[in-house]
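Secondary and tertiary structure notes
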Amino acid sequence: MYRPPATGPALPLGAVACLMGAMTLTGLYVGLSKQLLLAFPLFVLAGLRFAIAALAMLPWLRAPRPVERLGGRDRVVLFLGSFLGNFLFTLCMLGGVQAAGALAAGVAMASIPAAVALLSWAVLGETLQRRTLLAIACAMAGMGLLALGRGTEAQAGAGAPLWAYALLMGAVLCEAAYVVIGKHLGPRLGVRQLAARINLWGLVLMAPLALWQAQQLDFAPGAVRVLDWAWLVFYALAASMVSVWLWLKGLERVPASRAGVFTVLLPLTSAAVAVLWLGEPAGPLHAVALGLALLGVWLATRPSA
C-alpha cells in the first residue's frame, strides 16, 4: 500500500511567523527603496541608512558571551563581508532599483538562495546538487526574459538599460558572499555582533561618498517630507536589524533546510509593492519571469530526499 513520504514534524507557528515576517519585510524595503530614491540621492540614502542602523545597533556590539579574538585573516574576511554584503550590495541594489524598478529587483532577489549554494560550493566545498543547477538556470532565465523584453518596454517609455539588470545580479552575488562569510565568522562572533561590525564598516566605506553627495540635498525644514524621513528610519532598521532578528529567531526552532522556502515571500512582496503601491507596469513577461524566479527558490531550498 502506498504511503506518502514523511514531511517532518509540524513547524512551530511562532517560528513560522518570524520567518515569514523577515522575508516579507525584506521584500517590502526592497520595493520601498525606489520611493526613497525620489527623496534622497543614492549615496546619501545609503549613508543615512548605515548611520541610523549603527546608532540602533550599538547594544549589539556588547557581546553576551566571551568573543573569540579574530586573527589577521579573519579581520580581512570581516572587511570583505562588509565591502561586498553592505557597501557594494547597497550600491548595486539601489542603482538597479532606480533604473530597472522594484519588480525587476524582486525577480533578481529571488535568485539569492541559488547564488548562496553556488558560492558555498566554490568557497566552502559544499555539495552542489543537480536541482541547485536547475535553480540557477531558472534565475538566469527569469532575468534574461526581463532584459530581452526591455526593447518592447522601451517603445512604451519604460525600458531599462542592460547595466541595470547587471547591477541587480551583482547585488545578488554580493548578498550571497555576505551569507557565505557569515557562515565562516558567525559562530565566532555571534550573529548580532557580526551584523553590527559589518554595518559599521559599511558606514565607514559609504561616508565619503555620502558626504560628497550631501551637497545636492537641501536639509532645510520642509525640503524633505516628514513621511520620507520616517520611511528612511523604517528602511534602515528593517534592513539592518529587524529582518535579521526575525530570521535568526525563526531559525532557532526551524531547520535551515526547511526555512529557506520562506524566501519565496521576498519576490512576491517586492512585486506587490512595485505593482500595487508604486504603479509599475506589469505584463505577461513579468509574470513568466517571476514564475521562473519562484521555481528557482523552490528548487534551491527544497530539502533533499
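Residues numbered from 1 in each chain as written. Predicted model: local features only at pLDDT ≥ 70, side-chain atom pairs only at ≥ 80, totals over all residues. Heavy atoms only, no water.

1. Details of the nonpolar core
The tendency in soluble globular proteins is for nonpolar side chains to be buried as a group. Operational definition: Each nonpolar core is a collection of buried residues, namely Ala, Val, Leu, Ile, Met, Phe, Trp, Tyr and Cys, held together in the definition by side-chain atoms within 4.5 Å. Working definition: with a 1.4 Å probe on protein chains only, accessible area under 20% of the residue-type maximum means buried, over 50% means exposed, and in between means partly exposed. Going along the chain from the N terminus, every DSSP run of H or I of four or more residues is numbered as a helix, and every run of E of two or more is numbered as a strand. Contacts are assigned to residue pairs with any non-hydrogen atoms lying within 4.5 Å of each other.
If you look at the biggest cluster of nonpolar residues, it comprises 61 residues, and the most contacted ones within it are Phe40, Leu45, Met93, Leu94, Met109, Tyr165 and Tyr235. At eight residues, helix H3 (residues 72-100) tops the list of elements feeding residues into this core. Not counting residues within four places of it along the chain, the set of residues in contact with Phe40 comprises Leu45, Leu48, Leu217, Val224, Asp228, Trp229 and Leu232.

2. Thoughts on the environment of Ala271
Counting through the fold element by element, Ala271 comes out in helix H12 (residues 265-277). In the structure, Ala271 is positioned 167 residues away from Ala104 in sequence and 8.1 Å away in space, judged by C-alpha atoms. If sequence neighbours within four positions are ignored, Ala271 has contacts with Leu103 and Leu290.

3. Digging into a nonpolar patch on the surface
Rule in force here: Like charges within 9 Å and nonpolar side chains (Val, Leu, Ile, Met, Phe, Trp, Tyr) within 5 Å are joined into patches, using only residues over 30% in relative accessible area that form no salt bridge. Values of accessible area rely on a 1.4 Å probe in the Shrake-Rupley scheme; residue burial ignores everything except the protein chains shown. Any Lys or Arg side-chain nitrogen found within 4 Å of a carboxyl oxygen on Asp or Glu counts as a salt bridge.
Nonpolar side chains collect at one region of the surface, where Val261, Leu295 and Trp298 lie side by side and expose about 260 Å² of accessible area between them. Here Trp298 lies in helix H13 (residues 284-301). The exposure class of Trp298 is partly exposed, given its relative accessible area of 44%.

4. Thoughts on the side chain of Ser270
The residue Ser270 is located in helix H12 in this model. In this structure Ser270 comes out as buried when scored by relative accessible area, which is 0%. Apart from residues lying up to four places away in sequence, Ser270 is in contact with Gly27, Val30, Gly31, Ala102 and Gly106.

5. Thoughts on the side chain of Asp228
Within the secondary structure layout, Asp228 lies in helix H10 (residues 226-251). For Asp228, a relative accessible area of 6% translates into the label buried. Once you skip the residues sitting within four places of it in the chain, Asp228 turns out to touch Leu36, Ala39 and Phe40.

6. Focus: the confidence of the model for the chain
For the record, the criterion: You can read pLDDT as the predictor saying how much it trusts each residue, on a scale of 0 to 100.
The predicted model of the chain has a mean per-residue pLDDT of 81, with 85% of residues at 70 or higher. Least confident of the elements in the chain is helix H7 (residues 150-155), whose mean pLDDT is 46; most confident is helix H2 (residues 42-56), at 94. Every residue in residues 1-7 is under pLDDT 50, and counting partners more than four places away or in other chains gives one contact. Note that pLDDT drops below 50 for residues 151-158; the model gives that stretch six contacts with residues more than four away or on any other chain.

7. Some thoughts on the environment of Ile181
Position of Ile181 among the secondary structure elements: in helix H8 (residues 162-189). In the structure, Ile181 is positioned 96 residues away from Gly85 in sequence and 9.0 Å away in space, judged by C-alpha atoms. Apart from the residues within four sequence positions on either side, Ile181 is in contact with Val77, Leu80 and Gly81.

8. Topic: the packing of aromatic side chains
Defined as follows: Between 30 and 60 degrees the pair is tilted, below 30 it is stacked and above 60 it is edge-to-face, where a pair is any two Phe, Tyr or Trp rings, Trp via its six-membered ring, whose centres lie within 6.5 Å.
A full pass over the atoms with the stated rule returns eight aromatic pairs. Ring centres of Phe43 and Trp212 lie 6.3 Å apart, and the angle between their planes is 50°; this geometry places the pair in the tilted category. In this pair, Phe43 sits in helix H2 while Trp212 sits in helix H9 (residues 191-213), placing the two residues 169 residues apart along the sequence. In textbook terms, an aromatic cluster arises when at least three aromatic residues are bridged by ring pairs, as seen for Phe79, Phe83, Phe87 and Trp201.

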